[in-house]
Amino acid sequence: MFFVLFLCLFSLSRAGELEKLISYALENSPRIKQYEKLLQSFEYRERYVKSLPNPSVFAGLSNLPINRPYPNSKEPMSAFSIGFSQVYTLPVKRELDAKVAREQKMQTQAGMLVVQKELIRDIKLRYLEWLYTFKRESLLRAIKESVDTLESSARENYKYGKATLSDMLSLKGEKIRVQKLLIEVEQDRERLKNEIDALVGASFELKGQEINVQEPNFEGIDLQKSPYLREKYAKLRELEAQLERKRVEPLPDIELMVEYMARPSMSDMFSVRIGFSLPVWRSRREDLMVLEKREEIQASREEIKNMELELKRTISNLRVDYESKRELLKLTQELINQKKEELKALELAYRYSRADFRDLMRLYRELWELELNRLDLELRLKSIPIELEALL
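Summary of the structure given here. Treat the numbers as computed from the prediction; the structure is a model and nothing was measured.

A few words now on the overall build of the chain. A count of helical and extended segments in the chain gives 8 helices and 6 strands. Secondary structure elements in the chain, listed N-terminal to C-terminal, are α-β-α-α-β-β-α-α-β-α-β-β-α-α. Against the 2.2 N^0.38 benchmark of 21 Å for 392 residues, the chain shows a C-alpha radius of gyration of 38 Å, more extended than a compact globule. Each principal axis of the C-alpha atoms in the chain carries an extent, and together these give about 135 × 45 × 35 Å. The proportion of buried residues among the 392 residues of the chain is 39%. Taking all contacts inside the chain whose residues are at least 6 apart in sequence as the whole, residues at least 24 apart take part in 81%. Approximately 23,100 Å² of the chain is accessible, and the part contributed by carbon and sulfur atoms is 53%. Distance between charge centres in the chain, computed from 68 positive and 65 negative side chains, equals 2 Å.

Okay, here's the thing in structure tokens:
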């Protein structure tokens, strides 16, 4: 399991800092440590369920007369007794109990793998989003510089009557909007850093390393390798082991009892008894326990079918999302190139008073929105393979 984790930890290249974060989180996450402790507990359980229950030791007084409530020579049958009893559980029951513990351990291991993959996914996504706050900030600062340049040009044209007060106010409003977006980016960066710290379990000083995500292979997906399905199958095997155990529940448990009696006026005596549990209420108890587990097994199988459908639906949605975002990114880049060409022509026309400033501002806004949308599309395209990786 750990070898598989090592192979699939990183589909990202040049992610030394990210690798460090994930490695630390896997070693120190309380959620994972919780599973590690549970695994150890099942190892202990597998060992102790094979042992017999503790014997019982007892002592007592027998056949005491009312006028002399103690063993005495006047009452030959009075005696002091001491003994012990031991319940012997059949080996087949104990072995099946140990098998149930092993299957519970396997299910816990499968559950821990799910938690590990989800933790890796969340750290990767938050780190990627954190990186893109810098790209967004860089773009917004470039937009702010463009607005400052336009404002300087408009102020100069305003002196000669080539720009209006409305144009100046429009630029001021655009400047405020960009400044607001810059503040939001800084807040998002701080929020994402806090989320990364919470996921990792410690605060690291992040330098920010560019990462390259591999293109997802939707055609080569094997659902049976999904940790979510493996966890469900492990649960099914545990229930089947419990069913085996319930089927042997009617077999008798044996109880051995030995008693020694010391009598004051007669020879000492000892008694040996052996007892068996009788499944008198089998039809009302043991048989119903078997039926209960059978129904739980059927429910578990239906749960597996439902999980398969959920995984297929999620993967299909990711595929559609990836293909559509990839096409949108291509179209967006073409539109950006087109808008840049239009902008060059419109700036030249505006310089010779053949274009209106409002048209120039409108084109600038469209270009800026397209560039911001391009960043969002890039982020989403890189996020989809990470989400897919956690499912398989």
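Let us now look at the environment of Gln 298. For Gln 298, the location among the structural elements is in helix 7 (residues 286-351). Given a relative accessible area of 38%, Gln 298 falls into the partly exposed group. Distance in space between the C-alpha atoms of Gln 298 and Leu 236 is 8.9 Å, their sequence separation being 62 residues.

Now for the side chain of Gln 86. Inspection of the secondary structure assignment puts Gln 86 in strand 3 (residues 79-88). A relative accessible area of 18% places Gln 86 in the buried class. At 2.9 Å, the side chain of Gln 86 forms a polar contact with the backbone oxygen of Pro 53. Once residues lying within four places of it in the same chain are set aside, the contact partners of Gln 86 are Leu 52, Pro 53, Asn 54, Pro 55, Ile 254, Glu 255 and Leu 256.

What follows concerns the pattern of salt bridges. Tallying each qualifying case throughout the model produces 41 salt bridges. A salt bridge links Arg 326 to Glu 215; its shortest N-O distance comes to 3.0 Å. Here the residue Arg 326 occupies a position in helix 7, and Glu 215 occupies one in the loop between strand 4 (212-213) and helix 6 (227-247), the gap between them amounting to 111 residues. The exposure class of Glu 215 is exposed, given its relative accessible area of 54%. The network of salt bridges with common partners includes Arg 126, Glu 129, Asp 188, Arg 191 and Glu 195.

Read from one edge to the other, the open sheet built from 4 strands follows the order 2-3-5-6, with strand pairing classed as antiparallel. Looking along the sheet, the strands with just one partner apiece sit at the ends: strand 2 (56-62) and strand 6 (269-276). Recorded for the sheet is a direction-independent mean angle of 20° between the axes of neighbouring strands. Both strand 2 and strand 3 contribute to a ladder of 7 bridges, which runs antiparallel. Pairing of Gly 60 across the sheet is with Ser 81, part of strand 3.

The rules behind the values
- Residues numbered from 1 in each chain as written.
- Predicted model: local features only at pLDDT ≥ 70, side-chain atom pairs only at ≥ 80, totals over all residues.
- Heavy atoms only, no water.
- Helix = DSSP H or I, 4+ residues; strand = E, 2+ residues; numbered from the N terminus.
- Rg over C-alpha atoms; globule rule 2.2 N^0.38 Å.
- Buried < 20%, exposed > 50% of the residue type's maximum accessible area, 1.4 Å probe, protein only.
- Contact = heavy atoms within 4.5 Å.
- Areas by Shrake-Rupley, 256 points an atom, 1.4 Å probe, with all protein chains shown as cover.
- Lys, Arg positive; Asp, Glu negative; His and termini not counted.
- Charge placed at Lys NZ, Arg CZ, Asp CG, Glu CD.
- Polar contact = N/O pair within 3.5 Å; in protein donor to acceptor, adjacent residues only side chain to side chain.
- Salt bridge = Lys/Arg side-chain N within 4 Å of Asp/Glu carboxyl O.
- Pairing = 2+ DSSP bridges.
- Axes fitted to C-alpha atoms, helices over the stretch in contact; angles between N-to-C directions.

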